[in-house]
Amino acid sequence: MSVPLTLLGLLERGPSHGYDLKRDYDRYFGLGKPLRYSQVYATLSRLPGTGRRSPAGRAGGRPERRRYVITEEGVADVDRWLAEPVPAEPDLQSELFAKVVLALMLDRPADGYLDAQRAAHLQRMRELTELKRQGDPLSVLLADHALYRLEADLRWIDHTAARLDLLSRAVRGDREPGCRDDHRGA
């Protein structure tokens, strides 16, 4: 998630104060992980060097309440960002995969890890389902996105659990169970 470009996109709707940008970001994009005010203002302070921020006046005569506006360059940056597809996730560097393979390599109980991971996924799915029941359409859409990803992980967990014997032999190269090669040097 690109916080700077998301904040710029919010600015394209019209001039805003940092407080308003944080509120809108949290409302639309920060569910479960709101921005800190310091992050909003730090991000806004870095934008002038690229021509994306300029003060548009002061609220109530107080100098600390700057209004920010998006420049033409900022609009172009948002346009480019919106046109780029998000990299397809997940990549092939999965912690879930690495833990299973290492557990098998080290003759540890990969099935126990998979069971614990399944339970964690199911708990998160219950939380997201409750969010959908109580949420507005945007929250429902976001929860659906997360639920579909968790469902894919659960399918993988079940598929992997059913093949642990085969996978165990593959990662250990058919060597004797419990036999460990010592590669630390003599």
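Residues numbered from 1 in each chain as written. Predicted model: local features only at pLDDT ≥ 70, side-chain atom pairs only at ≥ 80, totals over all residues. Heavy atoms only, no water.

Our next topic: the side chain of D24. Tracing the sequence through the fold places D24 in helix α2 (residues 18-28). D24 sits in the buried class, given a relative accessible area of 10%. Within the structure, the side chain of D24 is placed 2.4 Å from the side chain of R13, a separation counted as a polar contact. Non-local contacts of D24, meaning those with residues more than four positions away in its chain, are made with L10, R13 and F29. (Helix = DSSP H or I, 4+ residues; strand = E, 2+ residues; numbered from the N terminus. Buried < 20%, exposed > 50% of the residue type's maximum accessible area, 1.4 Å probe, protein only. Polar contact = N/O pair within 3.5 Å; in protein donor to acceptor, adjacent residues only side chain to side chain. Contact = heavy atoms within 4.5 Å.)

Turning next to helix α5 (residues 95-105). Along α5, the residues that are buried comprise L96, V100, V101, A103 and L104. Taken end-on, α5 shows its buried residues confined to a sector of 160 degrees, consistent with a single buried face. Tucked into the core, α5 has its buried residues touching α6 (110-134), α7 (137-162) and α8 (164-172). In this structure S94 caps α5, since a side-chain oxygen of it lies 3.3 Å from the backbone nitrogen of L96. In the segment just after α5, D107 is the residue with positive phi, at about 55 degrees. (Arc of directions from axis to C-beta.)

On to the confidence of the model for the protein. In low-pLDDT segments, the atomic positions of the prediction should not be examined closely. For the protein, per-residue confidence averages 83 on the pLDDT scale, and residues scoring 70 or more make up 83% of the total. A low-confidence stretch, residues 49-54 (pLDDT under 50), is modelled with 20 contacts involving residues beyond four sequence positions or located in other chains. Across residues 182-186, where pLDDT falls below 50, the model places zero contacts with residues more than four positions away in sequence or in other chains. (pLDDT = per-residue confidence, 0-100.)

The full count for this structure, using the stated rule, is three aromatic pairs. Considering the side-chain rings of Y19 and Y37, the 6.0 Å spacing of their centres and the 10 degrees angle between planes classify their relative orientation as stacked. In this pair, Y19 sits in helix α2 while Y37 sits in helix α3 (residues 37-46), placing the two residues 18 residues apart along the sequence. In this structure Y19 comes out as partly exposed when scored by relative accessible area, which is 41%. (Phe/Tyr/Trp six-rings, centres within 6.5 Å; stacked < 30°, edge-to-face > 60°.)

Take the pattern of salt bridges next. Oppositely charged side chains may form a pair once their charged atoms are brought near each other. Taken as a whole and assessed by the stated rule, the structure comprises twelve salt bridges. The shortest N-O distance in the salt bridge between E130 and R133 comes to 2.7 Å. Here the residue E130 and the residue R133 both occupy positions in helix α6, the gap between them amounting to three residues, near one helical turn. Residues joined in a network through salt bridges with shared partners are R13, D20, R23 and D24. (Salt bridge = Lys/Arg side-chain N within 4 Å of Asp/Glu carboxyl O.)

Bringing a nonpolar patch on the surface into the picture now. There is a patch of nonpolar side chains on the surface, built from Y19, Y37 and Y41 and spanning about 310 Å² of accessible area. Position of Y41 among the secondary structure elements: in helix α3. Relative accessible area serves as the criterion here: at 35%, Y41 is assigned to the partly exposed category. (Patch = residues over 30% accessible without salt bridge, like charges linked within 9 Å, V, L, I, M, F, W, Y side chains within 5 Å. Areas by Shrake-Rupley, 256 points an atom, 1.4 Å probe, with all protein chains shown as cover.)

This part covers the packing of helix α1 (residues 3-11) against helix α4 (residues 72-83). It is at 9 Å that the axes of α1 and α4 come closest, and there the two elements cross at 115 degrees. The hand of the α1/α4 crossing is left-handed. In contact with L5, T6, L8 and G9 of α1, α4 contributes G74, D77, V78 and W81. Taken together, the residues of the contact of α1 with α4 sort by class into four nonpolar, three polar and one charged. (Axes fitted to C-alpha atoms, helices over the stretch in contact; angles between N-to-C directions. Left-handed = near helix turned anticlockwise from the far one by under 90°. Nonpolar A, V, L, I, M, F, W, Y, C, P; charged D, E, K, R; others polar.)

As a further point, take the packing of α6 against α7. At a closest axis distance of 9 Å, the pairing of α6 and α7 adopts a crossing angle of 160 degrees. Looking at the two axes, α6 sits roughly antiparallel to α7. Judged by the sense of rotation from one axis to the other, the crossing of α6 with α7 is left-handed. Across the contact of α6 with α7, the residue classes tally to 14 nonpolar, five polar and seven charged. (Parallel < 35°, antiparallel > 145°, perpendicular 65-115°, else oblique.)

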